[in-house]
Amino acid sequence: MSKHIRLNAFHMNAPSHSWAGFWRHPRDRSVDHNRLDYWVDLAVTAERGLFDGVFLADVFGIYDIYGGDAGATLHEGSQSPSHDPILTVPAMAHATTHIGFGVTANLTYEHPYQFARRFSTLDHLTQGRAGWNVVTGYLDSAARGMGLAKAREHDERYAAGEDFLQAAYKLWEGSWSGSAVIRDRRPRGAYIDPAQVRKVVHEGPYYRVEGFNLAEPSPQRTPLLYQAGASGRGKAFAGTHAECVFLEGQTPAIVAQAARDIRQHAVDAGRRADDVLLYLGATVLVAPTSAEARALQEEYARYVDPVGQLVLVSGWTGIDFSRLDPDEPLQFVKSNALQSTVENLTKRAGRPITPRDMARFDQIGGRGPFIVGSPVEVADQLIEWVDQTGVDGFNLRRLVVPESLTSFVDLVVPELQSRGRYATQYAPGTLREKLFPGRGPHLPASHPGARYRYA
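Per-chain numbering applies: the sequence of each chain, read as written, is numbered from 1 onward. At least 70 in pLDDT is required for a residue's local features to be given in this predicted model, at least 80 for side-chain atom pairs to be given and counted, and no such filter applies to totals for whole chains, interfaces and linings, which use all residues. In computing side-chain properties, one takes all heavy atoms of the structure into account and sets aside hydrogens as well as water.

Student: Help me understand helix H4 (residues 112-125), please; the structure alone is not making it clear to me.
Tutor: In an α-helix there are 3.6 residues to a turn, and that puts residues three or four apart on one side. Per the convention used, a helix needs a DSSP run of H or I reaching at least four residues, while a strand needs a run of E reaching at least two, with both numbered from the N terminus. Take the number of residues in a helix, subtract one, and multiply by 1.5 Å to get its expected span. Between its first and last C-alpha, H4 extends 20 Å over 14 residues, near the 20 Å set by a 1.5 Å rise per residue. Exposed residues in this analysis have more than 50% of their type's maximum accessible area, buried residues have under 20%, and partly exposed residues fall in between, with area computed by a 1.4 Å probe over protein chains only. Considered for burial, the residues of H4 that qualify are Pro-112, Phe-115, Ala-116, Phe-119, Ser-120, Leu-122 and Asp-123. Angular distribution of buried residues about the axis of H4 spans 160 degrees; they occupy a single face of the element. Should any heavy atoms of two residues lie within 4.5 Å, those residues are counted as being in contact. Taken together, the buried residues of H4 touch helix H3 (89-95), strand E3 (100-106), strand E4 (130-135), helix H6 (154-174) and strand E6 (208-211). At the exit of H4 stands Gln-127, carrying a positive phi of roughly 55 degrees. This arc corresponds to the set of directions leading from the helix axis out to the C-beta atoms.

Spelled out as structure tokens, the structure:
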């Protein structure tokens, strides 16, 4: 039996996200990203479409590679201003029942002691629907803002991430017994049994902790873990820790190889290949007919901001695209930024990619599947990508808000359901239980975090 396709709504608390410039579209609401009703409407629509989650990207720092400063970033609104994503989640959770929330948080500028409490609290407030997208940060602008000279080097970021996660696992999994909170209301009764709460001591190369998790155990204890690293080191990190991985790639061959690599890393780490769900970033435009969808593509393309797009790519790659000939093919340059993005645009692309290509509203500019058509045509292509690459589903990139998501929910979801390739109801339980039915709300025994569980 063919597996169901899984979906996340891929958003960011900023006026522009994956495609720069759509905030200028007359029907777009992205300038309202600082309003709670914007986020509540998004979550309610995605839940109506039975999406797994709202996946909230984030960038800590500002893109200042293009042109050597942040001028173009600010002028074009390219992921700037960038507001804190976690603060949007409680309102969305209050308005919904099932949908999950994957929140990007940069561990480099956090400490496990305070961070564990924040995400335990979020998991409580969402009734077990919280997820953390683990990122290590690569922007020098963020490092300078935090009083440092520059960001950590690529591989050192992952070494620090390993240390951070060990400390966080100890706090989430090992500090409290599941029966420590007794809430005995009798005279001289106790709220907590102190004998069932123990101090965590962690002395690692990057982080030191001595203390209890300040929050009681949440429904999932450890939030569902997302990760998006696709370099060699990033895939090994994902295979060890992540439960959901976000992939990018312009061709099925690129994506299929990345999927195989991550699943193999999971097996090498003592986990099962299907302990990891893979979501591929995709741009999807759908309308009732093919002709209407093509007309919509032409309309949207007029609002894509070429400079804003190159600002984003410059930030992701560490390459100043303002200094390049628009029609000169990109060359691989090792940088301290997103190595997998640079490799996908050069070594793995299968054809020369130019800066002009990166500013177009198409599959190259979108760095992944670019699907335009009627509901039948869109469903055909989504199914083909899943079946060819081995991914489990898609992170749908934000386009014009809210119409793009609404159209997908109203047109594509019923088509996929009619083919038996999409869920018709949510599974019960926490986010982890919905994504991995039958495995319980906590990390499975095969996950490295489970070894710290309170015995």
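Student: Quick question: what am I supposed to make of the layout of surface pockets here?
Tutor: Unoccupied space between atoms shows up once a probe the size of one water molecule is rolled over them. As defined here, a cavity is a set of points on a 1 Å grid over the protein atoms alone where a 1.4 Å probe fits but cannot get out. A pocket is an open set with protein on both sides within 12 Å along at least five of seven lines, and residues line them when an atom is within 4 Å of a point. Grid points are joined across faces, edges and corners, and a volume is the space filled by probe spheres set on the points. A volume near 490 Å³ is recorded for the largest pocket. Along its surface, the largest pocket is lined by 23 residues, and His-4, Arg-6, Lys-434, Leu-435 and Pro-437 are the ones closest to its centre. Where the lining of the largest pocket is concerned, the elements lending two or more residues are strand E1 (6-12) and helix H16 (431-435). Of the residues in the lining of the largest pocket, the class split is 13 nonpolar, two polar and eight charged. Space inside the second largest pocket adds up to approximately 280 Å³. Residue polarity is assigned by list, with Asp, Glu, Lys and Arg as charged and Ala, Val, Leu, Ile, Met, Phe, Trp, Tyr, Cys and Pro as nonpolar; anything else, Gly included, falls into the polar class.

Student: What is the right way to read empty space enclosed by the protein from this model?
Tutor: In the structure shown here, the tally under the stated rule is six cavities of 30 Å³ or more. Looking at the second largest cavity, its volume works out to about 210 Å³. In this structure, the second largest cavity is lined by 19 residues; those nearest its centre are His-11, Pro-402, Ser-404, Leu-405 and Thr-406. Those elements that place two or more of their residues in the lining of the second largest cavity are E1, helix H1 (36-48), strand E11 (393-397) and helix H15 (403-418). Taken together, the residues of the lining of the second largest cavity break down into eleven nonpolar, four polar and four charged.

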